[in-house]
Amino acid sequence: MSTLKWAATNADSLLADLDLPPAAYRALLKLRGRSEAGGRISIDQAALGELLGLSRPSVNAALRELELARLVKKVRNGVYQINPMLAGHTSPEDALAAVKAMPKADRLDSKTYVANYHKAVAAYQDQLAEQRKKRAAAAAAKKAAAAKRRGSLHAVG
């Protein structure tokens, strides 16, 4: 159980405006509750899924949403960093120092924060659609090549 008492901001209203999927909210709350001072947490996706009762794909999707929203950042496999403005700190001074040290683009108090999140989600959806198109085109080309090979075969008699 965490003994951290200070966070740089009360972001409840902001988080509600993001309209994240329920699994992302649950993952964020679980990560925040298990984080060290400053927001670092060591947990792999399987363990997080077990804590939340979610499948691995659902955990992956939840973490992706949190990354798109700049609420959680993957440091490496099994290590995540909660946005310093949401992370728990041992003192108000530590919270303030962490916020001052963070990139302005990651700050939750930007007037365009919610709009930037929605743009990031749209860009990600576009990227997925483009990948689906490429896979479909590759599959169609493979099918056409196979049909052409079959068409070029002829019986010898």
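Before reading on, note that the structure itself is shown above.
The rules we used
- Residues numbered from 1 in each chain as written.
- Predicted model: local features only at pLDDT ≥ 70, side-chain atom pairs only at ≥ 80, totals over all residues.
- Heavy atoms only, no water.
- Salt bridge = Lys/Arg side-chain N within 4 Å of Asp/Glu carboxyl O.
- Helix = DSSP H or I, 4+ residues; strand = E, 2+ residues; numbered from the N terminus.
- Buried < 20%, exposed > 50% of the residue type's maximum accessible area, 1.4 Å probe, protein only.
- Core = buried A, V, L, I, M, F, W, Y, C linked by side-chain atoms within 4.5 Å.
- Domains from an automatic or database assignment.
- Contact = heavy atoms within 4.5 Å.
- Polar contact = N/O pair within 3.5 Å; in protein donor to acceptor, adjacent residues only side chain to side chain.
- Axes fitted to C-alpha atoms, helices over the stretch in contact; angles between N-to-C directions.
- Parallel < 35°, antiparallel > 145°, perpendicular 65-115°, else oblique.
- Nonpolar A, V, L, I, M, F, W, Y, C, P; charged D, E, K, R; others polar.
- Pairing = 2+ DSSP bridges.

Student: Explanation requested: the pattern of salt bridges in the structure shown.
Tutor: Two side chains bearing opposite charge may form a pair once their charged atoms approach each other closely. Under the defined criterion, the tally for this structure stands at three salt bridges. Note that R70 is salt-bridged to D106, the shortest N-O span being 3.6 Å. Here R70, found in the loop between α4 (56-68) and β2 (72-76), pairs with D106, found in the loop between α5 (92-101) and α6 (113-152); they are 36 residues apart in sequence, far enough to count as distant. Residue classification places R70 among the partly exposed positions, given a relative accessible area of 35%. Note on D106: relative accessible area 25%, which makes it partly exposed. When the shortest N-O distance is used, the salt bridge between D109 and R107 registers 2.6 Å.

Student: I tried to follow the environment of A97 on my own but got confused; where do I start?
Tutor: By the secondary structure assignment, A97 is in helix α5. Expressed as a C-alpha distance, the spacing of A97 and P84, which sit 13 residues apart in the sequence, is 9.4 Å.

Student: Which parts of the structure should I look at to understand the nonpolar core?
Tutor: In a soluble, globular protein the nonpolar side chains are often hidden away together inside. One finds L18, L20, L31, L48, L66, L71 and L108 to be the most contacted residues of the largest nonpolar core, which totals 32 residues. Counting only elements with at least two residues in this core, the list comes to α1 (12-18), α2 (22-34), α3 (45-52), α4, β3 (79-82) and α6. Formed jointly, this core draws a minimum of three residues from each of two domains, domain 1 (9-109) and domain 2 (111-156). Sequence-distant contacts of L66, that is, excluding residues within four places in its chain, are made with L20, A24, A27, L28, L31, L71 and V72.

Student: How should I be thinking about the side chain of S91 in this particular structure?
Tutor: Locating S91 in the fold gives a position in the loop between β3 and α5. Look at S91 and you get buried, because its relative accessible area is 16%. A polar contact of 3.1 Å, which involves the side chain of S91, links it to the backbone nitrogen of D94.

Student: I would appreciate a short explanation of the packing of α2 against α4 in the present structure.
Tutor: Angle between the axes and distance between the axes are the two parameters that describe a pair of packed helices. As a packed pair, α2 and α4 sit with axes 8 Å apart at the nearest point and diverge in direction by 80 degrees. As summarised for this structure, α2 and α4 are arranged roughly perpendicular, according to the angle between their axes. In contact with A23, A24, A27, L28 and L31 of α2, α4 contributes A62, L63, E65 and L66. Residues of the contact of α2 with α4, tallied by class, amount to eight nonpolar, no polar and one charged.

Student: When you look at the sheet that holds β3 in this model, what are you seeing that I'm missing?
Tutor: Paired through their backbone hydrogen bonds, the strands of a sheet run either parallel or antiparallel. The strand order across the open sheet built from three strands is β1-β3-β2, with neighbouring strands paired in antiparallel fashion. Unpaired on one side and paired on the other, β1 (40-42) and β2 mark the two borders of the sheet. In this sheet, neighbouring strand axes are inclined to one another by 30 degrees on average, regardless of whether the strands run parallel or antiparallel.

Honestly, it's all geometry; don't read function into it.
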